[in-house]
2 protein chains.
Amino acid sequence: MKFFENGDGLTEPRGFFCAGIHCDVKGKRDGKLDLGIVYSSKPCNAAAVFTTNDVKAAPVLYSQSLLLNKNAKFHAVIANSGNANACTGKQGLADSKKMGTETARQLKVREDEVLVCSTGRIGVTLPMSRITAGIRDASEDILGEFDGAQAFQEAILTSDTCTKSCSVTINTGRGEISIGGVVKGAGMIEPNMATMLAFITTDAAAENDFLKDILKKAVDQSFNRITIDGDMSTNDSVILLANGNSGVEIAGDDKKLSEAFYKGLEAVCQCLAKKCVSDGEKVTKLVTICIRGTHTNEEAAKVARCISNSLLVKSSWFGSDPNWGRVIDAAGYAKVGLKFEKIDMFYNQVPVLQKGEPIESNKSQWKEIVSKRTFNITVDLNLGGGNAEIWTNDLSEEYVNFNKSE
Amino acid sequence: MKFFENGDGLTEPRGFFCAGIHCDVKGKRDGKLDLGIVYSSKPCNAAAVFTTNDVKAAPVLYSQSLLLNKNAKFHAVIANSGNANACTGKQGLADSKKMGTETARQLKVREDEVLVCSTGRIGVTLPMSRITAGIRDASEDILGEFDGAQAFQEAILTSDTCTKSCSVTINTGRGEISIGGVVKGAGMIEPNMATMLAFITTDAAAENDFLKDILKKAVDQSFNRITIDGDMSTNDSVILLANGNSGVEIAGDDKKLSEAFYKGLEAVCQCLAKKCVSDGEKVTKLVTICIRGTHTNEEAAKVARCISNSLLVKSSWFGSDPNWGRVIDAAGYAKVGLKFEKIDMFYNQVPVLQKGEPIESNKSQWKEIVSKRTFNITVDLNLGGGNAEIWTNDLSEEYVNFNKSE
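Everything numeric here is computed off the predicted structure, so don't read it as measured data. (Residues numbered from 1 in each chain as written. Chains lettered and ligands numbered in written order. Predicted model: local features only at pLDDT ≥ 70, side-chain atom pairs only at ≥ 80, totals over all residues.)

**Considerations on the domain arrangement of chain A**
Each assigned domain of chain A is listed here: domain 1 (2-277) and domain 2 (286-403). Summarising the inter-unit geometry, the C-alpha centres of domain 1 of chain A and domain 2 of chain A are found 33 Å apart. (Domains from an automatic or database assignment.)

**Let's talk about the pairing of strand β16 (residues 386-393) of chain A**
Residue and element names in this part refer to chain A. Among the eight residues that make up β16, six are buried, leaving the element largely enclosed by the rest of the structure. Across eight bridges, strand β11 (residues 286-294) lies against β16 in antiparallel orientation. Among the inter-strand pairings, isoleucine 289 is bridged to a residue of β16, identified as isoleucine 390. (Buried ≥ 20, exposed ≤ 12 C-beta atoms within 10 Å, placed from the backbone. Helix = DSSP H or I, 4+ residues; strand = E, 2+ residues; numbered from the N terminus. Pairing = 2+ DSSP bridges.)

**Some remarks on the pairing of strand β5 (residues 114-118) of chain B**
All names here are of chain B. With five of five residues buried, β5 lies mostly within the body of the structure. Of the two faces of β5, the one holding Val114, Val116 and Ser118 and the one holding Leu115 and Cys117 are both buried throughout. Of the strand pairs in this sheet, strand β4 (residues 74-80) and β5 are connected by five bridges, and their pairing is parallel. Paired with asparagine 80 across the strands is serine 118, a residue of β5. Of the crossover connections in this fold, the one passing from β4 over helix α2 (residues 89-107) to the parallel β5 is right-handed. (Right-handed = clockwise from strand over helix to strand, strands pointing away.)

**Notes on helix α8 (residues 311-318) of chain A**
Residue and element names in this part refer to chain A. Among the eight residues of α8, eight are classified as buried, and the element is accordingly described as predominantly covered. Along α8, the residues classified as buried are Leu311, Leu312, Val313, Lys314, Ser315, Ser316, Trp317 and Phe318. Residue serine 320 follows α8 closely and has a positive phi angle near 55°.

**A word on the environment of A:Asn382**
Tracing the chain through its elements places A:Asn382 in the loop between β15 (374-380) and β16. Placed 84 residues apart in sequence, A:Asn382 and A:Glu298 show a C-alpha to C-alpha distance of 15 Å.

**Examining the packing of α2(B) against helix α3 (residues 128-143) of chain B**
How two helices pack is summed up by the angle between their axes together with the distance between the axes. Residues and elements named next belong to chain B. At their nearest, the axes of α2 and α3 sit 9 Å apart, and the two run at 30° to each other. Taken together, the axes of α2 and α3 are roughly parallel relative to one another. Judged by the sense of rotation from one axis to the other, the crossing of α2 with α3 is right-handed. Across the interface between the two elements, Asp95, Lys98, Met99, Glu102, Thr103, Gln106 and Leu107 from α2 touch Met128, Ile131, Thr132, Ile135, Arg136, Ser139, Ile142 and Leu143 from α3. Classifying every residue of the contact of α2 with α3 by side-chain character gives seven nonpolar, four polar and four charged. (Axes fitted to C-alpha atoms, helices over the stretch in contact; angles between N-to-C directions. Parallel < 35°, antiparallel > 145°, perpendicular 65-115°, else oblique. Left-handed = near helix turned anticlockwise from the far one by under 90°. Contact = placed C-beta atoms within 7 Å. Nonpolar A, V, L, I, M, F, W, Y, C, P; charged D, E, K, R; others polar.)

**Quick look at the environment of B:Ser41**
Inspection of the secondary structure puts B:Ser41 in strand β3 (residues 35-50). Linking B:Ser41 and B:Ala133, residues 92 residues apart in sequence, is a C-alpha distance of 22 Å.

**Quick look at the confidence of the model for chain A**
Close reading of the predicted structure is inappropriate where its pLDDT is low. Considering every residue of chain A, the mean pLDDT works out to 91; 94% of them sit at 70 or more. Taken together, the stretch residues 188-194 of chain A has pLDDT below 50 and engages in 37 contacts with residues farther than four places along the chain or on a different chain. (pLDDT = per-residue confidence, 0-100.)

**Quick look at the packing of helix α1 (residues 58-67) of chain A against helix α2 (residues 89-107) of chain A**
Residue and element names in this part refer to chain A. Packing of α1 against α2 leaves a shortest axis separation of 8 Å and a crossing angle of 55°. If you check the angle between α1 and α2, you find them oblique. Between α1 and α2 lies a crossing whose hand is right-handed. Facing Ala58, Pro59, Leu61 and Tyr62 of α1, the residues of α2 in contact are Gly92, Leu93, Asp95, Ser96, Lys97 and Gly100. Looking at the contact of α1 with α2 residue by residue, the classes come out as five nonpolar, three polar and two charged.

**Thoughts on helix α10 (residues 363-370) of chain B**
Residues and elements named next belong to chain B. Three or more residues of α10 are buried, namely Trp366, Ile369 and Val370. Viewed end-on, α10 has its buried residues packed into an arc of 90°, placing them on one side of the element. Looking at the buried side of α10, the elements it contacts are α8 (311-318), β12 (344-347), β13 (350-354) and β15 (374-380). (Arc of directions from axis to C-beta.)

Given below as structure tokens:
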């Protein structure tokens, strides 16, 4: 497996084309690219994972309805930034459908062969005349096979500071396959996903059911392990399209091949998830929380989330303060029955607590580690065999300043 | 019932004395009062509610052990700020016991007649020689009947910006009784309590079991309804002392009298809880979240907590931005089965959503309300008869700046 960070991402697998254009979703006339299309002339099998928030945005409801058809094939995804089309009632649902069907019309494919995504402000209806004009422009770029991979990556960004992409190629013996992905993230990032749109393409061939299972597994090991601010959005979507252009068929019964494909998919998802956390709103630190020794993995995840969502813990990381007391306090209110006198804790490999006793002689090393841009915190509860890992970040004054109005 | 805000609080009921002195817990020689005693020469019945965090500070464990004795009587509470004596292992437990027994020795009462509280930094052992000297000084003030009510209020503060007290007097027909209280709060405030120490005194007479039941009920209606930053501490304690000096015996079988006493206790607890939220670290807004129309009260509380702990919601309040989308998004991830198209929402009395439709014509009024220092948000899910109310506040840049190191 060869791994490529950044780069074109979605168009690395053969037969995929992207476009990204400015249609002025926000009415600001700032020229920001805000509408994009991913397209394959060959129809794709597909799978997706969506937000579990009770409040699902119109594009999520629309795309979910198309994916209910087990034999569904798709040619394209249309996505906009700047407006989430969430909490927009019947008008919102009609607008999402219109985005899908208008894209289908321009690309000359069937109405139910286009998935729809939106991200941005909640509670405002889409400016449909500008969106429709944008769909026409983007479709022209697609049909003209214009190289729009980078433009698409830009078009989906909201408060992100950079585009985020990667890809892998796998030599299967039966031929090479590629998997490419892009993501937009930033605010509202929580386990079980966020205001995050992730798109993944592959030129492998695979059945819808297989893609669904394998995508769920990969998302659990990647996007569901990140948390920025504990907020889960109305629009989170991870969409996987497989057009089969490589001629290599992946199926569950060929264990070795499907395992290799899974590894590639997981690598892409994990890379994108970590990029998402690093590019969280006004973030200065990327912190990995490893919890071990709980009774179950679920308990470990609960402890990891209490720590990674604690404002006091996150604020202390921002200040490079190795305040282990706040970490242990947060672990305590996960209420998994921890005993302080059993806890081992580490900053990177450096002991902080051994069976609840602080190793004060390491204090200057703790400070040094917590001052770095990236570090790990390991907490071993020594109660059982459960474990979990979460990737998170600090909370800066700029986060609050940035989010105090929109 | 007569209600007094601020004032002497704990010494309003007859027979209680307070002291507050500087013993330099933090070793900063800044003169801040940091050790206090509440005392009654007549032995008190008592009840307490403590943190439910798995990690309980040594003074919590020590005081809990004394309260296990159903017939326990107490003469005093000794409390320090500046050091929580939490995560301090066997030394911490020995130090808490020493605080209690040394206070008992100075006040010439039995060892098991003194409760102990600490609040402040986690993971540092107490400077016991300075604490012991402080206990001697404070006990001298108590036995000299020096008027230390205000000094005690100051001595328990950490990052609080002001002292917080109140009292009520109730004319029972059989004689007047008083209930007084003080609280310290600030960071780490969450439902089911926080880094909060609250002390309540009364000159009514009542059995321990009665006090326990009634205090739990009052705490559920007050301190368990507040949230500042979602962090629950290792030291939260609410302690109620009843010395019977009024000669009025309150018992469960006199419904009218016990109801009047409860109303007074609830009023004191609610006043202190609200003062706590208003004085949260670097807070600029006090917001009441009213959730209605859920299937159960528990669901309503869950929704209220998701909203009140959302960083995006709290940041938008700080910016006086009536961003109802973030409120609804947070309600959605409580996962109580809400339907957006059924939701009614209000800022104070002004409609924001009616059955999921935004009432945009009210927009300037929304902005005006959210710009105030105090406002209510009501969300009616229209699914059932459940409801809950939570008092919370905004998240300011100063909060992060303040908490980035300690």
